[in-house]
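What follows is the residue order along each chain.
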Amino acid sequence: MSSRIQCAPIPGAGELMIPEFQAYLLALHDQFAGRVGDLREKRAQVVKRALHDGIGPAHLPPSDATTGDWSVPEVPAELREPGIEISGPASITSMFINALNPGPDGFRAQGDLDDDEDSAGHRLVDTLQAAANRKGAVDRTLTFYNAAKGKKYELAEGDLPFFMHRERGLHLDEPEVLVDGAPISASILGTALTLFHAGQAQAQRGQGIYFYLPKMESAGEAAFWRDFFASSQDLLPGLRNATIRAIALVESVPAAFQMEEILYALGEYAAGLNAARWDFKASILEYVMADPDSVWPDRFDVDIKTTDFLTRIFRRLVAICLKRGAVPIGGMATALPSRDAEVNQMAAEAIRADKQWEAEQGFLRGWVAHIFHMKTAADPFRELRGSGWTPSPEMARPGNYPIEIAVPEGPITGAGTRRNARMLLEYLEGWLNGRGAKGIDSLAGQPGKRPALMEDLATARISVAQIAQRVVHEAQDAETGRRHDFALVKRLLGEELESILELSGAASSGTGAAGRYRDSYKIALQWVRNYTELDFRSLGSYTRGDLARIAAGQDAF
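What you see is a predicted model, and the numbers here were worked out from it, not measured in a lab.

## A look at the sheet that holds strand 13 (residues 365–368)
Inference 1: Here we have 8 strands rolled up into a closed barrel, ordered 2-3-6-9-10-11-12-13, and parallel in their pairing. Adjacent strand axes in the sheet meet at a mean angle of 30° when their direction is disregarded.
Inference 2: Bridge analysis of strand 12 (residues 327–333) against strand 13 gives 3 bridges, and the strand direction is parallel. Within the sheet, the bridge partner assigned to Ala 333 lies in strand 13 and is Val 368.

Okay, structure coming up:
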């Protein structure tokens, strides 16, 4: 190991952190670490202006990006295929292999979103395993044996989906890898690992190397990634002639106002934009957290398809992509399969309706969380495009879809807060168990049939933001008249904790789950408290040691 680098002793690290990689990583760190810090400071200033000065994000002045006659470079043919991409953590080998294989109906997704961000555990072991799994998948050597189940996982014959690599965002560091004694940027580390190992293997095979860029907030950040990719191509001979393209996730309020500028700043690496859902809503709540006139109704009732101002933002994204020759990618279908055929039918109908709506707005693909629903989610895109339908000229005019951040209509209820509380406890238990995605029914134990949903960090983020917003402004329950405060939230979290333990049998099973749920209760209190104090620190920025100390400490309220 270089004298400048300290790496935690993670199994398999030696095979990835080889001397040639270390030299490449240090070159990137020396060139870009200071820039990462500057971008983070700019982000902080934008949030501060919104919260303390009441000046929210807005459009930039007209520029070549918005007034010029330009297009992104021709997008590779496979990225222009209508259909679906399956999403899941690249670090969990069995799930990654399943995602790359055909589903039970023989259908294979067009693309695979191999994630080390919202559905991953945000530990070094996850990032290293993701890097190794991506390389193994490209080489088609990836296998996994589950001894407990006696089951072997291996890649099926046939063409694999194209890979869409998603690394951790610019707001995060990796505390288990130090350069010159300080934690390295998680984005620099993860993207370098992917480019050096899987990326060069893809280039050798003539494959394109594609990235989703998460938590994007500005054109300046897009320019960072443009320069990062260009520098990597200079530093690694194996990437010199490679095709590297990126799709920016629009999951923050500032990014929504700079969509055209972001594509322009990505330059030769630009391929498209993705319309996020939960993260975008969470970002809105964070930016209006100090405004008493912007308290949202229950998040479960805020549908993109029927909330006009959100619909316009999505349509504007599509219009910009159509205008500039980029691909617009839609949102996630999160329903999980059930043993109940009626539940599966309900889920399929809801997924198809959602993806039909996205297809008719001009989106080319969407995401799905489970192989069981891949074909259902893909068919609306494939059928509409296959019919000869094309977006109208009006759909390609961004000016038809002005951006406005508004308050959705709907009631504020204690029942909605309760569902957020349960969601937090369930998600945090999964996080403490090393998972960044977990199947959750936030109405578990209550009457009615419904599928569990594969929830990731975005859902936890909006849950905590909504709880905190209601406490900050003492929002009134439309059903009972009770005002939200810390006491109410603590009671709801406590009641949901006991409900989960009773339903799961964890309290009497002697497993570690009961302890994780109780720790989750303490962590949820702290996370809500932070948000009420306008500290929107990501869960991914806490080490497991940090979380253990929170769980062992006094209640945050």
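Structure's up, so let's keep going.
## Here's the deal with the packing of aromatic side chains
Inference 1: Enumeration over the complete set of coordinates arrives at 22 aromatic pairs.
Inference 2: An angle of 70° between the planes, with centres 6.2 Å apart, marks the rings of Phe 21 and Tyr 24 as edge-to-face. Taken together, the residues span about one helical turn, with Phe 21 and Tyr 24 both in helix 2 (residues 19–52) at a distance of 3 residues.
Inference 3: Its relative accessible area of 4% is what places Tyr 24 among the buried residues.
Inference 4: Considering the side-chain rings of Tyr 531 and Phe 536, the 4.8 Å spacing of their centres and the 50° angle between planes classify their relative orientation as tilted.
Inference 5: Residue classification places Tyr 531 among the buried residues on the basis of a relative accessible area of 1%.
Inference 6: A network of ring pairs unites the aromatic residues Phe 32, Phe 211, Phe 224, Trp 225, Phe 228, Phe 229 and Tyr 269 as a single cluster.
Inference 7: Between Arg 299 and the ring centre of Trp 278, over which it is positioned, the NZ or CZ distance is 4.8 Å.

## Describing the nonpolar core
Inference 1: Counting 154 residues, the largest nonpolar core has Phe 229 and Leu 273 as the members making the most contacts within it.
Inference 2: When residues in this core are grouped by element, the largest group, 11 residues, is from helix 2.
Inference 3: Setting aside anything within four residues of it in sequence, one finds Leu 273 in contact with Ile 247, Ala 248, Val 250, Met 259, Ile 262, Leu 263, Leu 317, Ile 320, Cys 321, Val 327, Pro 328 and Ile 329.
Inference 4: Membership of the second largest hydrophobic core comes to 12 residues, among which are Ile 97, Leu 100, Leu 160 and Ala 198.

## Considerations on the sheet that holds strand 8 (residues 182–185)
Inference 1: Across the sheet, 3 strands lie side by side as 1-7-8; this open sheet has antiparallel pairing. Here the strands that pair on one side only, and so sit at the sheet edges, are strand 1 (5–7) and strand 8. On average, each strand axis in the sheet is inclined to that of its neighbour by 55°, with strand direction left out of account.
Inference 2: Two strands pair when backbone bridges link them, and strand 7 (residues 173–179) and strand 8 are joined in this way by 4 bridges, in the antiparallel orientation.

## Looking at the layout of surface pockets
Inference 1: In this structure, the largest pocket encloses a volume near 1,200 Å³.
Inference 2: Forming the walls of the largest pocket are 48 residues, and the residues nearest its centre are Arg 277, Trp 278, Met 332, Thr 334 and Leu 453.
Inference 3: Going through the elements one at a time, strand 2 (83–89), helix 10 (278–287), strand 12, helix 12 (341–361), helix 14 (414–432), strand 15 (453–455) and helix 15 (457–472) are the ones with two or more residues in the lining of the largest pocket.
Inference 4: For the lining of the largest pocket, the element with the highest residue contribution is helix 12, accounting for 6 residues.
Inference 5: Within the lining of the largest pocket, the residues separate by chemical class into 26 nonpolar, 7 polar and 15 charged.
Inference 6: Taken as a whole, the second largest pocket encloses approximately 890 Å³ of empty space.
Inference 7: Lining the second largest pocket are 40 residues, and of these His 171, Leu 172, Phe 536, Arg 537 and Ser 538 lie nearest its centre.

Here is what the cut-offs are and how they apply
Residues numbered from 1 in each chain as written. Predicted model: local features only at pLDDT ≥ 70, side-chain atom pairs only at ≥ 80, totals over all residues. Heavy atoms only, no water. Pairing = 2+ DSSP bridges. Helix = DSSP H or I, 4+ residues; strand = E, 2+ residues; numbered from the N terminus. Axes fitted to C-alpha atoms, helices over the stretch in contact; angles between N-to-C directions. Phe/Tyr/Trp six-rings, centres within 6.5 Å; stacked < 30°, edge-to-face > 60°. Buried < 20%, exposed > 50% of the residue type's maximum accessible area, 1.4 Å probe, protein only. Lys NZ or Arg CZ within 6 Å of the ring centre and 35° of its normal. Core = buried A, V, L, I, M, F, W, Y, C linked by side-chain atoms within 4.5 Å. Contact = heavy atoms within 4.5 Å. 1 Å grid on protein atoms, 1.4 Å probe; cavity = no way out; pocket = protein on both sides within 12 Å on 5 of 7 lines; lining within 4 Å. Points joined across faces, edges and corners; volume = space filled by probe spheres on them. Nonpolar A, V, L, I, M, F, W, Y, C, P; charged D, E, K, R; others polar.

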